[in-house]
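Breakdown of the fold
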Amino acid sequence: MHYMHINSVSHRDLKPENIMLDKNFNIRFADFGFAANIQGKDGSGFLRTILGTTAYMAPELITKNIYQGHSVDLFALGIILFILYSGHPPFNSANPQDPHYRLVAEGKADIFWQQHQKHKKAGFYTEEFKDLITNMLQFNPNSRLSLADIVGHAWMQGTIASAAQVRQEFQQRQNTIKQNNEAEAAEKAKDRKPIPPRKTHRGDEEVELAPPTLFNREAVVANDTCVYSTYNSQELFYYFYD
């Protein structure tokens, strides 16, 4: 986020779907289709085009006012952090009329947190976390925390996993997902029904076609024998008929 902003880029569509992990499990922002120069076309530091994903848009976008790119990015980051911690969004949208966001906008954050705490175990939301999110999601952009404020916040000073521990955890998760996918594929293969024989006519004679044969992509393309294909994430399957 800091690198993006010091290079005068505002993403304007930050959401979990646009945050990726590279092969070493480092975070990468994706989809810069809505990105803009943080200074704006006129160099004023304000942007005017209303776009983004409603659930992650700052209130100044919802109410169609001019806005600062870095501020709406940090607002979206606050929503993402809440989701990662809670498992659900803090509100439907940052509309002042939204029943949950209205409490934040009107300075009734204590009631906002009481409502979210109802379905959580006691102490689920620490005072430090509540203070951080409340100040990241303020209605007035000038009242929100800057990136430096966020990094220096008390909640951010607690014990955190090292980069090596994070990579190890995500590697384990990746391995588990791979194993589950392989097991699921094996079960589906056992239940797959055999393809019934196909017949055709050559002149007056009815003949049975050879069953479909699975070929790898290169062999099939080289022999120009592709008559049907489907795609999955691993390879292309081509079916060949004699």
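Scroll up a little and you will see the structure.
The following paragraphs examine the structure supplied in this document. Since the model is a prediction, treat every value here as computed from it, not as a measurement.

Reading the values: rules and limits
Residues numbered from 1 in each chain as written. Predicted model: local features only at pLDDT ≥ 70, side-chain atom pairs only at ≥ 80, totals over all residues. Heavy atoms only, no water. 1 Å grid on protein atoms, 1.4 Å probe; cavity = no way out; pocket = protein on both sides within 12 Å on 5 of 7 lines; lining within 4 Å. Points joined across faces, edges and corners; volume = space filled by probe spheres on them. Helix = DSSP H or I, 4+ residues; strand = E, 2+ residues; numbered from the N terminus. Nonpolar A, V, L, I, M, F, W, Y, C, P; charged D, E, K, R; others polar. Buried < 20%, exposed > 50% of the residue type's maximum accessible area, 1.4 Å probe, protein only. Phe/Tyr/Trp six-rings, centres within 6.5 Å; stacked < 30°, edge-to-face > 60°.

1. Some remarks on the layout of surface pockets
- Considering only enclosed or pocket space, the largest pocket measures out at about 1500 Å³ in volume.
- As for the largest pocket, its lining consists of 32 residues, and the residues nearest its centre are I27, L77, L81, L84 and M156.
- Top element by residues in the lining of the largest pocket is helix α3 (residues 69-86). It accounts for 5 residues.
- Partitioning the lining of the largest pocket into residue classes produces 26 nonpolar, 4 polar and 2 charged.

2. Brief notes about unusual backbone geometry
- Of note, S8 is a non-glycine position whose phi angle comes to about 60°, a positive value.
- Here S8 lies in the loop between α1 (2-6) and β1 (9-10).
- With relative accessibility at 25%, the residue S8 sits in the partly exposed group.
- Positive phi, close to 70°, is recorded for R12, a residue that is not glycine.
- Tracing the backbone shows R12 in the loop between β1 and β2 (19-21).

3. Points about the packing of aromatic side chains
- In this structure the tally under the stated criterion is 16 aromatic pairs.
- Each ring, one from F112 and one from W113, has its centre 5.1 Å from the other, and the planes form 85°; the classification is edge-to-face. Accessibility assignment for this pair places F112 and W113 in one class, buried.
- Between the aromatic rings of Y125 and F129, the centroid separation amounts to 6.0 Å while the plane-to-plane angle is 15°, which identifies the pairing as stacked.

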